[in-house]
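Survey of secondary and tertiary structure
Spelled out, the chains give:
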Amino acid sequence: MIVETLRLKNFRSYESCSVSLNPGMNLFTGANAAGKTNLLESLVYLSLTRSHRINDDSQLIRHDAPYAEIACRFHDGIDKEIGAIIRPDGKTLLLEHQPVRKSSEFVGLLNVVLFAPDDLGVFTDAPRTRRRILNQEITKISPKYLAALTDYQNLLKQRNSLLKNQNVDAGYLEVLDAQMIQKSIAIIHARRAFVKGINRHMEARYQTLADDPLACSLEYVSCIDLADEDIETSLQNLYFDSRQRDLENHVTSIGIHREDLVFELDHRNVTESASQGQKRMVMLAFKMALLQFIEEAVKKKAVFLLDDVLSELDRSRQEKLIELAGSQCQCVITATEIPTFLKGSSLTEFSIENGTIETKNGGTR
Ligand SMILES: Nc1ncnc2c1ncn2[C@@H]1O[C@H](COP(=O)(O)OP(=O)(O)OP(=O)(O)O)[C@@H](O)[C@H]1O
Ligand SMILES: [Mg+2]
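Since the model is a prediction, treat every value here as computed from it, not as a measurement.

With that settled, the discussion passes to the overall build of the protein chain. In terms of helices and strands, the protein chain carries 9 helices and 15 strands. For a compact globule of 365 residues, the expected C-alpha radius of gyration is about 21 Å, and the protein chain comes in at 22 Å, within 12% of that figure. Each principal axis of the C-alpha distribution contributes one length, and for the protein chain these read about 70 × 50 × 35 Å. In the protein chain, which comprises 365 residues, the proportion classed as buried is 39%.

Right, let's get into helix 5 (residues 202-210). Within the sequence span of helix 5, burial applies to M202, E203, R205, Y206, L209 and A210. Along the axis of helix 5, the buried residues cluster in a sector spanning 160°; they form a single face. Where the residues of helix 5 are buried, they touch helix 4 (170-199), strand 9 (216-221), helix 8 (276-298) and helix 9 (315-328). Downstream of helix 5 by one or two residues, D211 has phi in the positive range, about 50°.

Now for the pairing of strand 15 (residues 356-359). Across 4 bridges, the pairing between strand 14 (residues 347-353) and strand 15 is antiparallel. Opposite E353, over in strand 15, you have T356 as the bridge partner. As consecutive antiparallel partners, strand 14 and strand 15 are separated by 2 residues, and within that stretch N354 has a phi angle of approximately 50°, a positive value.

We now examine the site of ligand 1. Around ligand 1, a shell composed of 16 residues is seen, among which S13, N32, K36, T37 and N38 lie nearest. Residues belonging to the shell around ligand 1 are distributed by class as follows: 3 nonpolar, 9 polar and 4 charged.

A few words now on the environment of E349. Note that E349 resides in strand 14. C-alpha of E349 to C-alpha of L21: the two residues are 328 residues apart in sequence and 9.7 Å apart in space. Apart from the residues within four sequence positions on either side, E349 is in contact with L27, T29, I338, K360 and N361.

Let's shift gears to helix 8. In a regular helix each residue adds 1.5 Å, so 23 residues correspond to 33 Å; helix 8 covers 33 Å between its end C-alpha atoms and thus fits that length. Downstream of helix 8 by a residue or two, K299 has a phi angle that is positive, lying close to 60°.

Here we take up the environment of G83. Mapping G83 onto the fold places it in strand 5 (residues 79-87). When the 19 C-beta atoms within 10 Å are taken as the criterion, G83 is described as partly exposed. Residues G83 and Q278 lie 195 residues apart in sequence; the distance between their C-alpha atoms is 37 Å. Setting aside its immediate chain neighbours within four residues, G83 contacts E69, I70, A71, C72 and L94.

Let's shift gears to unusual backbone geometry. In this structure, D211 is a non-glycine residue whose phi angle is positive, near 50°. Looking at where D211 falls in the secondary structure, it is placed in the loop between helix 5 and strand 9. The backbone phi angle of H250 is positive, close to 60°, even though this residue is not glycine. Mapped onto the fold, H250 is located in the loop between helix 6 (231-249) and strand 10 (260-265). A residue is classified by how many C-beta atoms lie within 10 Å of it, and H250, with 14 of them, is partly exposed.

Basis of the calculations
- Residues numbered from 1 in each chain as written.
- Chains lettered and ligands numbered in written order.
- Predicted model: local features only at pLDDT ≥ 70, side-chain atom pairs only at ≥ 80, totals over all residues.
- Helix = DSSP H or I, 4+ residues; strand = E, 2+ residues; numbered from the N terminus.
- Rg over C-alpha atoms; globule rule 2.2 N^0.38 Å.
- Buried ≥ 20, exposed ≤ 12 C-beta atoms within 10 Å, placed from the backbone.
- Arc of directions from axis to C-beta.
- Contact = placed C-beta atoms within 7 Å.
- Pairing = 2+ DSSP bridges.
- Near = placed C-beta within 6 Å.
- Nonpolar A, V, L, I, M, F, W, Y, C, P; charged D, E, K, R; others polar.
- Expected span 1.5 Å × (residues − 1).

Rendered as structure tokens:
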């Protein structure tokens, strides 16, 4: 898909702005705090219906403004217009100017993959962060996954509140377990397919980008042994074996809400021995594999957003990243200044200053 125009009103530092993007490479330059990440955040918001930086949407509304508005026209075979109106008490999502009631019908209409410097925290953060990546990315390609996950989370809440009782109704517990197992089967299948899909591309991306022959992969640490063919029986055994402990501890100790992902380089967890540069390459390789995975799954190319990544890379890696990303999909890149090797190349350059965006060369349509 190709983002054609993006319009912001009272979104973060932007009072009112509109940009037309190039179908290829777009570079936004600006000083620190100019509003570069804010711009990318607006596209992430339309993709996920949430910001990648904060949980409280009201922070997205420009100070002293009543509400914020994002509108985007993009092409994915046909022209589409989507938008969001963000008020302190909630948001309205729009498709062709009509409200969309369910987020699940909106998430993934515009598909973006963001790489931001903070992403390196994913390796060391608690498993919850890595599960969020799993859930977020699979949700973008499968509304059914979101439905199964939401049902599971509701059942988990019911199970945990049941376990708080002094006398637990064993029959009810069994009913909940059976329902949770059914939802877990769908979730585990989807997570396994996701990791498999990523692993088809991640190592080659790492080796090309980093010019390093090491093995690079993603491992799915499931609550069951994935070598077992019969997922349902494995889950039944798992729930049966942990029931007594859960009754004693008054909480659900096992299940898909405790699963994890491990990023591996040279067959080791990247947190163990990879350098900062290698970690950055692993994360970039993951994001690029994600672009390919999305394209295979939904037959549409996502838009790649690269926030302030070039300055962290040496020249040859910068060039490789631009070459690879540019040949794969539409890219929106931010930087504090234009890298010398990009000067004069076929990209559209924008500068951001005082909340306004100007096109610096004539490449826009
Ligand atoms: N709700 C808001 N209303 C007005 N201004 C805001 C709001 N939220 C953030 N800002 C302003 O946006 C600016 C930060 O923008 P942003 O994070 O996009 O900068 P950046 O160009 O990415 O900078 P850096 O190069 O340091 O990453 C800050 O000056 C901040 O005060
Ligand atoms: Mg920034």
